[in-house]
Amino acid sequence: MRLIHHFLLALMLCCAAAAPAMASENEKKVELQLVRNADGAFATVALQFALPDQIEDALNKGVALYFVQEAEVISERWYWRDKTVKKTARYLRVSYQPLTRRWRLHVSSMPLTDAGAVTSLGQSFDSLEEVMLVVKRVRNWKIASADELASDVDYLVKFSFRLDSSQLPRIFQFAPFSNGGLNLQLRSQLPLPEASAP
(Lines give C-alpha, C1' and ligand atoms only; values in the text may rest on other atoms or scores of the structure.)
Protein backbone atom coordinates (compact mmCIF):
# COMPACT_ATOMS: atom_id res chain seq x y z
CA MET A 1 0.00 0.00 0.00
CA ARG A 2 2.83 2.35 0.88
CA LEU A 3 4.51 1.54 -2.45
CA ILE A 4 1.35 2.50 -4.38
CA HIS A 5 1.09 5.70 -2.34
CA HIS A 6 4.70 6.67 -3.20
CA PHE A 7 4.13 5.83 -6.86
CA LEU A 8 1.02 8.03 -7.06
CA LEU A 9 2.83 10.86 -5.27
CA ALA A 10 5.76 10.65 -7.69
CA LEU A 11 3.35 10.61 -10.62
CA MET A 12 1.58 13.73 -9.33
CA LEU A 13 4.90 15.56 -8.90
CA CYS A 14 5.96 14.66 -12.44
CA CYS A 15 2.66 15.97 -13.82
CA ALA A 16 2.98 19.16 -11.80
CA ALA A 17 6.52 19.71 -13.07
CA ALA A 18 5.45 19.13 -16.67
CA ALA A 19 2.41 21.43 -16.47
CA PRO A 20 4.31 24.79 -16.62
CA ALA A 21 6.32 23.59 -19.63
CA MET A 22 3.14 22.55 -21.45
CA ALA A 23 1.44 25.83 -20.56
CA SER A 24 4.33 27.93 -21.86
CA GLU A 25 4.52 25.85 -25.06
CA ASN A 26 0.83 26.47 -25.80
CA GLU A 27 0.82 30.05 -24.55
CA LYS A 28 -0.77 32.65 -26.84
CA LYS A 29 0.76 36.10 -26.75
CA VAL A 30 0.61 39.31 -28.80
CA GLU A 31 3.30 41.99 -28.72
CA LEU A 32 1.88 45.10 -30.38
CA GLN A 33 3.89 48.27 -31.07
CA LEU A 34 2.44 51.40 -32.67
CA VAL A 35 4.16 54.34 -34.36
CA ARG A 36 2.55 57.50 -35.65
CA ASN A 37 4.35 60.01 -37.84
CA ALA A 38 3.75 62.38 -40.76
CA ASP A 39 2.96 59.44 -43.06
CA GLY A 40 0.32 57.87 -40.81
CA ALA A 41 0.00 55.08 -38.23
CA PHE A 42 2.05 51.88 -38.39
CA ALA A 43 1.86 48.61 -36.46
CA THR A 44 4.57 46.08 -35.69
CA VAL A 45 3.29 42.79 -34.29
CA ALA A 46 4.94 39.66 -32.90
CA LEU A 47 2.68 36.67 -32.22
CA GLN A 48 3.36 33.64 -30.08
CA PHE A 49 1.22 30.52 -30.50
CA ALA A 50 1.49 26.86 -31.42
CA LEU A 51 -0.52 25.25 -34.19
CA PRO A 52 -2.82 22.47 -32.93
CA ASP A 53 -1.49 19.01 -33.83
CA GLN A 54 -4.44 18.20 -36.09
CA ILE A 55 -3.96 21.44 -38.05
CA GLU A 56 -0.23 20.82 -38.50
CA ASP A 57 -0.98 17.27 -39.65
CA ALA A 58 -3.52 18.59 -42.19
CA LEU A 59 -0.97 21.10 -43.49
CA ASN A 60 1.58 18.35 -44.05
CA LYS A 61 -1.04 16.47 -46.05
CA GLY A 62 -1.57 19.40 -48.43
CA VAL A 63 -4.53 21.24 -46.84
CA ALA A 64 -4.05 25.03 -47.11
CA LEU A 65 -4.50 27.25 -44.05
CA TYR A 66 -5.95 30.76 -44.19
CA PHE A 67 -5.18 33.42 -41.58
CA VAL A 68 -6.57 36.95 -41.16
CA GLN A 69 -4.81 39.86 -39.44
CA GLU A 70 -7.05 42.86 -38.74
CA ALA A 71 -6.29 46.30 -37.36
CA GLU A 72 -9.05 48.73 -36.39
CA VAL A 73 -8.37 52.38 -35.53
CA ILE A 74 -11.10 53.65 -33.20
CA SER A 75 -11.98 57.13 -32.01
CA GLU A 76 -13.26 56.77 -28.45
CA ARG A 77 -16.24 58.99 -27.64
CA TRP A 78 -17.66 59.38 -24.13
CA TYR A 79 -20.98 60.78 -25.40
CA TRP A 80 -21.73 58.13 -28.04
CA ARG A 81 -20.57 54.81 -29.38
CA ASP A 82 -16.94 54.59 -30.46
CA LYS A 83 -16.32 55.43 -34.11
CA THR A 84 -14.24 53.19 -36.40
CA VAL A 85 -11.95 55.54 -38.30
CA LYS A 86 -10.13 52.89 -40.34
CA LYS A 87 -10.23 49.12 -40.60
CA THR A 88 -7.63 47.24 -42.57
CA ALA A 89 -6.75 43.57 -42.99
CA ARG A 90 -4.09 41.24 -44.29
CA TYR A 91 -5.02 37.79 -45.60
CA LEU A 92 -2.50 34.96 -45.51
CA ARG A 93 -2.54 31.51 -47.10
CA VAL A 94 -0.07 28.81 -46.04
CA SER A 95 0.23 25.66 -48.14
CA TYR A 96 2.58 22.73 -48.69
CA GLN A 97 3.50 21.50 -52.17
CA PRO A 98 4.40 17.80 -51.88
CA LEU A 99 5.96 17.59 -55.37
CA THR A 100 8.54 20.29 -54.67
CA ARG A 101 8.56 19.77 -50.88
CA ARG A 102 8.31 23.52 -50.48
CA TRP A 103 6.01 25.69 -48.38
CA ARG A 104 4.20 28.66 -49.93
CA LEU A 105 2.91 31.80 -48.27
CA HIS A 106 0.58 34.22 -50.08
CA VAL A 107 -0.19 37.61 -48.51
CA SER A 108 -2.88 39.95 -49.82
CA SER A 109 -4.92 42.97 -48.76
CA MET A 110 -7.95 41.21 -50.28
CA PRO A 111 -9.53 37.88 -49.29
CA LEU A 112 -7.62 35.10 -51.02
CA THR A 113 -10.26 34.00 -53.50
CA ASP A 114 -9.31 33.75 -57.18
CA ALA A 115 -9.23 37.56 -57.48
CA GLY A 116 -7.23 37.99 -54.29
CA ALA A 117 -4.70 35.35 -55.32
CA VAL A 118 -3.85 37.38 -58.42
CA THR A 119 -2.91 40.42 -56.32
CA SER A 120 -1.12 38.48 -53.58
CA LEU A 121 2.59 38.38 -52.81
CA GLY A 122 3.95 34.82 -52.80
CA GLN A 123 7.06 33.44 -51.08
CA SER A 124 8.57 29.96 -50.84
CA PHE A 125 10.12 28.36 -47.75
CA ASP A 126 11.97 25.14 -46.93
CA SER A 127 10.06 24.31 -43.73
CA LEU A 128 6.83 24.97 -41.85
CA GLU A 129 8.84 26.62 -39.05
CA GLU A 130 10.23 29.20 -41.50
CA VAL A 131 6.87 30.09 -43.01
CA MET A 132 5.21 30.37 -39.59
CA LEU A 133 7.93 32.77 -38.42
CA VAL A 134 6.84 35.12 -41.20
CA VAL A 135 3.13 34.60 -40.41
CA LYS A 136 3.79 35.53 -36.76
CA ARG A 137 5.63 38.77 -37.55
CA VAL A 138 4.34 42.01 -39.08
CA ARG A 139 6.69 44.98 -39.43
CA ASN A 140 5.68 48.57 -40.17
CA TRP A 141 2.21 47.70 -41.41
CA LYS A 142 0.45 50.92 -42.42
CA ILE A 143 -2.93 50.83 -40.70
CA ALA A 144 -4.03 54.44 -41.38
CA SER A 145 -2.77 57.36 -43.44
CA ALA A 146 -2.05 60.75 -41.90
CA ASP A 147 -5.06 62.45 -43.51
CA GLU A 148 -7.39 59.92 -41.83
CA LEU A 149 -6.20 60.93 -38.34
CA ALA A 150 -6.92 64.18 -36.53
CA SER A 151 -4.23 65.69 -34.33
CA ASP A 152 -6.61 66.54 -31.46
CA VAL A 153 -8.33 63.13 -31.20
CA ASP A 154 -7.36 60.13 -29.05
CA TYR A 155 -7.36 56.82 -30.90
CA LEU A 156 -7.34 53.20 -29.85
CA VAL A 157 -5.96 50.46 -32.11
CA LYS A 158 -7.48 46.97 -31.85
CA PHE A 159 -5.51 44.14 -33.44
CA SER A 160 -6.76 40.59 -34.03
CA PHE A 161 -5.31 37.47 -35.61
CA ARG A 162 -7.34 34.37 -36.40
CA LEU A 163 -7.41 31.17 -38.36
CA ASP A 164 -10.15 31.45 -40.99
CA SER A 165 -11.71 28.01 -40.46
CA SER A 166 -14.52 28.80 -42.92
CA GLN A 167 -12.06 28.21 -45.79
CA LEU A 168 -11.04 24.75 -44.58
CA PRO A 169 -12.59 21.57 -46.02
CA ARG A 170 -15.96 20.76 -44.43
CA ILE A 171 -14.58 17.74 -42.58
CA PHE A 172 -12.76 20.20 -40.30
CA GLN A 173 -16.04 21.74 -39.15
CA PHE A 174 -16.86 18.55 -37.24
CA ALA A 175 -15.32 16.74 -34.27
CA PRO A 176 -12.56 16.23 -33.31
CA PHE A 177 -11.38 19.36 -35.13
CA SER A 178 -14.21 21.62 -33.95
CA ASN A 179 -13.50 21.10 -30.24
CA GLY A 180 -11.23 24.12 -29.92
CA GLY A 181 -8.51 23.10 -32.34
CA LEU A 182 -9.81 25.52 -34.97
CA ASN A 183 -10.48 28.33 -32.51
CA LEU A 184 -7.09 29.96 -32.98
CA GLN A 185 -7.53 33.65 -32.20
CA LEU A 186 -5.34 36.32 -30.60
CA ARG A 187 -6.25 39.90 -29.72
CA SER A 188 -4.57 43.02 -28.39
CA GLN A 189 -5.20 46.75 -28.19
CA LEU A 190 -3.16 49.88 -27.50
CA PRO A 191 -3.73 53.63 -27.55
CA LEU A 192 -2.25 55.21 -30.67
CA PRO A 193 0.57 57.57 -29.67
CA GLU A 194 0.73 61.17 -30.77
CA ALA A 195 2.51 61.88 -34.03
CA SER A 196 6.27 62.07 -33.63
CA ALA A 197 8.09 65.19 -34.80
CA PRO A 198 9.40 64.98 -38.40
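Predicted model only: the values in this text are computed from it and were never measured.

(A) A look at the pattern of salt bridges. Counted according to the given criterion, the structure contains five salt bridges. Linking E31 and K29 is a salt bridge whose minimum nitrogen-to-oxygen distance equals 3.8 Å. When its relative accessible area of 38% is taken as the criterion, K29 is described as partly exposed.

(B) A nonpolar patch on the surface, seen in detail. Taken together, the side chains of W78, Y79 and W80 define a hydrophobic patch exposed on the protein surface, amounting to about 540 Å² of accessible area. Tracing the backbone shows W78 in the loop between strand 3 (65-75) and strand 4 (83-97).

(C) Representation of the sheet that holds strand 9 (residues 185-191) in the model. An order of 6-5-4-3-8-9 is seen for the six strands of this open sheet, with the pairing classed as antiparallel. The sheet terminates laterally at strand 6 (121-125) and strand 9, the two strands that pair on one side only. Within this sheet the neighbouring strands show an average axis-to-axis angle of 15 degrees, counted without direction. In this structure, strand 4 lies alongside strand 5 (residues 102-108), joined through seven bridges in antiparallel fashion.

(D) How the structure looks around helix 2 (residues 53-60). Every buried residue of helix 2 is listed here: I55, A58 and L59. Projection of helix 2 onto a plane perpendicular to its axis shows the buried side chains occupying an angular sector of 100 degrees, all on one side. Against strand 3, strand 4, strand 5, helix 4 (128-135) and strand 8 (155-163) lie the buried residues of helix 2. Looking one or two residues past helix 2, G62 carries a phi angle of roughly 100 degrees, positive in sign.

(E) How the structure looks around the confidence of the model for the protein. Averaged over every residue, the pLDDT of the protein is 80; residues scoring 70 or more account for 76%. The element-level mean pLDDT for the protein is lowest in helix 1 (residues 2-25), coming to 38, with strand 2 (residues 40-48) highest at 97. Note that pLDDT drops below 50 for residues 2-25; the model gives that stretch two contacts with residues more than four away or on any other chain.

(F) Inspection of the pairing of strand 5 at higher detail. Buried residues dominate strand 5, accounting for six of its seven residues. In this antiparallel pair of consecutive strands, strand 4 and strand 5, the connection spans four residues, and R101 shows a positive phi of 55 degrees.

(G) Expanded view of the packing of aromatic side chains. Enumeration according to the criterion identifies three aromatic pairs in this entry. Between F67 and F161, the aromatic rings sit 5.3 Å apart at their centres with planes inclined by 20 degrees, giving stacked as the arrangement. With a gap of 94 residues between them, F67 in strand 3 and F161 in strand 8 connect regions that are remote in the sequence. The exposure class of F161 is buried, given its relative accessible area of 0%. Put simply, the rings of F49, F67 and F161 touch in pairs and so form one group of aromatic residues. Positioned over the ring face of W141 is R90, at 5.9 Å from the centre of the ring. One Lys or Arg, K136, reaches over the ring of F49 and ends 4.7 Å from the middle of that ring.

So, how was this worked out
- Residues numbered from 1 in each chain as written.
- Predicted model: local features only at pLDDT ≥ 70, side-chain atom pairs only at ≥ 80, totals over all residues.
- Heavy atoms only, no water.
- Salt bridge = Lys/Arg side-chain N within 4 Å of Asp/Glu carboxyl O.
- Buried < 20%, exposed > 50% of the residue type's maximum accessible area, 1.4 Å probe, protein only.
- Patch = residues over 30% accessible without salt bridge, like charges linked within 9 Å, V, L, I, M, F, W, Y side chains within 5 Å.
- Areas by Shrake-Rupley, 256 points an atom, 1.4 Å probe, with all protein chains shown as cover.
- Helix = DSSP H or I, 4+ residues; strand = E, 2+ residues; numbered from the N terminus.
- Pairing = 2+ DSSP bridges.
- Axes fitted to C-alpha atoms, helices over the stretch in contact; angles between N-to-C directions.
- Arc of directions from axis to C-beta.
- Contact = heavy atoms within 4.5 Å.
- pLDDT = per-residue confidence, 0-100.
- Phe/Tyr/Trp six-rings, centres within 6.5 Å; stacked < 30°, edge-to-face > 60°.
- Lys NZ or Arg CZ within 6 Å of the ring centre and 35° of its normal.

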